[in-house]
Amino acid sequence: MNKRRLFVNNNDNERLNEPMKNAGQKMDDLSRIPVNQCPKVFVQRDYTNGTQLAFTTKFPQELEGKIDVQTFQKTVTKLNAMYEEAETLSGKTYCESCLACLTAYLSYICISTHYEQMLKKIRAYVNEQNQNVYQPRGLLLIDPVERGLRVLEICILTEQAGGR
């Protein structure tokens with residue numbers, strides 16, 4: 001039998017223990033915020049224009065005093081405009097579709113579609129809004145793609161969720 005020895009480098013141990021060392025420090029990293037333990041506000045889809053992807057700009061009362069109405073509406077309006085741009089048909093999207101058909105959809109391996117590019121821009125916009133607007137106010141805006149484009153979720157990080 002061939003026995004292997006596992007050698008652990010001391011530097012590896014130090015790197016593994018870093019999160020524990022920094023546990024008491026300010027949480028700037030979004031991945032360390034316990035979003036599952038905070039109350040959430042859901043902004044529903046707006047179906048007044050049919051099934052077009054848009055969220056309602058009605059200000060939720062749960063955010064009263066946490067963020068001003070104009071900032072919230074500006075964010076939602078910008079997201080709505082970006083989703084509308086992602087879903088519009090243009091010459092570029094027709095060419096992408098034709099190329100996909102001609103290559104048995106193998107072209108999608110090499111190029112990203114206009115919709116995928118817009119989703120990346122939306123993700124970047126949500127991250128930028130979190131860093132500059134929402135996180136300093138104790139809020140966290142969740143990318144709607146993570147919720148299946150059904151709702152716009154805002155977590156209130158300064159409050160503890162009630163027991164369910």
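Residues numbered from 1 in each chain as written. Predicted model: local features only at pLDDT ≥ 70, side-chain atom pairs only at ≥ 80, totals over all residues. Heavy atoms only, no water.

**Q** Even after reading the chapter, I still don't get helix α5 (residues 114-134), so can you show me in this structure?
**A** A turn of α-helix holds 3.6 residues, and therefore any two residues three or four places apart point the same way. For α5, with 21 residues, the first-to-last C-alpha span of 28 Å sits near the 30 Å given by 1.5 Å per residue. Residues of α5 that are buried: His114, Met118, Leu119, Ile122, Tyr125, Val126, Gln129, Asn130, Val133 and Tyr134. Burial along α5 is one-sided: seen end-on, the buried residues are contained in an arc of 150°. Along α5, the residues that are exposed and aim more than 90 degrees away from the buried face are Lys120, Gln131 and Asn132. Those residues of α5 that are buried lie in contact with α2 (69-87), α3 (91-102) and β2 (139-142). (Helix = DSSP H or I, 4+ residues; strand = E, 2+ residues; numbered from the N terminus. Expected span 1.5 Å × (residues − 1). Buried < 20%, exposed > 50% of the residue type's maximum accessible area, 1.4 Å probe, protein only. Arc of directions from axis to C-beta. Contact = heavy atoms within 4.5 Å.)

**Q** Honestly, the packing of aromatic side chains in this entry has me stumped. Any pointers?
**A** Centre distance and the angle of the planes are the two values used to describe a pair of aromatic rings. This model, assessed by the stated rule, comprises three aromatic pairs. A ring pair is formed by Phe55 and Tyr83, whose centres lie 6.2 Å apart and whose planes are at 65°; its orientation type is edge-to-face. Note that Phe55 is positioned in the loop between β1 (40-44) and α2 and Tyr83 in helix α2, a separation of 28 residues in sequence. As far as the burial class goes, Phe55 and Tyr83 line up, both buried. Where Phe59 meets Phe72, the ring centres are 5.5 Å apart and the plane angle is 80°; that geometry is what we call edge-to-face. Placement of Phe59 in the loop between β1 and α2 and of Phe72 in helix α2 is noted, with a sequence separation of 13 residues between them. Against the face of Tyr125 rests Lys78, its NZ or CZ located 5.8 Å from the ring centre. (Phe/Tyr/Trp six-rings, centres within 6.5 Å; stacked < 30°, edge-to-face > 60°. Lys NZ or Arg CZ within 6 Å of the ring centre and 35° of its normal.)

**Q** Before we go on, may I ask you to explain the pattern of salt bridges in this structure?
**A** Working definition: two side chains of opposite charge can pair if their charged atoms are close together. Under the counting rule described, the total for this entry stands at two salt bridges. Where Arg123 meets Asp143, a salt bridge forms, and the shortest distance between an N and an O atom there is 3.8 Å. Of this pair, Arg123 sits in helix α5 while Asp143 sits in the loop between β2 and β3 (151-156), and the two are 20 residues apart along the sequence. With a relative accessible area of 40%, Arg123 lands in the partly exposed category. Overall, Asp143 belongs to the buried group, its relative accessible area being 6%. Among the salt bridges present, the one from Arg147 reaches Glu153, with a minimum N-O distance of 2.4 Å. Of the residues examined, Glu153 reaches a relative accessible area of 3% and is grouped as buried. (Salt bridge = Lys/Arg side-chain N within 4 Å of Asp/Glu carboxyl O.)

**Q** I tried to follow the nonpolar core on my own but got confused; where do I start?
**A** Grouped burial of nonpolar side chains is what soluble globular proteins tend to show. Of all hydrophobic cores here, the largest spans 26 residues; its most connected members are Leu63, Phe72 and Ile154. If you list the elements that add at least two residues to this core, you get β1, α2, α5, β2 and β3. Here this core gets seven residues from one element, more than from any other, and that element is α5. Those residues within four positions of Phe72 in sequence are excluded, and the remaining contacts are Val43, Thr57, Lys58, Phe59, Pro60, Leu63, Tyr134 and Ile154. (Core = buried A, V, L, I, M, F, W, Y, C linked by side-chain atoms within 4.5 Å.)

**Q** Help me understand the pairing of β1, please; the structure alone is not making it clear to me.
**A** Each regular strand shows side chains that alternate between the opposite faces of the sheet. The alternating pattern of β1 places Val41 and Val43 on a buried face, while none of Lys40, Phe42 and Gln44, on the opposite face, is buried. Direction of pairing for β1 relative to β3: antiparallel, over a ladder of five bridges. Opposite Val43, over in β3, you have Leu152 as the bridge partner. (Pairing = 2+ DSSP bridges.)

**Q** Would you take a moment to explain the side chain of Thr71 for this structure?
**A** The topology assignment puts Thr71 in helix α2. Each residue touching Thr71, except ones within four places of it in the same chain, is listed here: Val133 and Tyr134.

**Q** Would you take a moment to explain unusual backbone geometry for this structure?
**A** Among all residues except glycine, the phi angle is most often negative; among peptide bonds, the trans geometry is most common. Of note, the phi angle at Ala104 is positive, near 55°, even though the residue is not glycine. Within the secondary structure, Ala104 sits in the loop between α3 and α4 (107-110). Relative accessible area serves as the criterion here: at 55%, Ala104 is assigned to the exposed category. A positive phi angle, near 65°, is found at Tyr105, a position not held by glycine. Tracing the backbone shows Tyr105 in the loop between α3 and α4.

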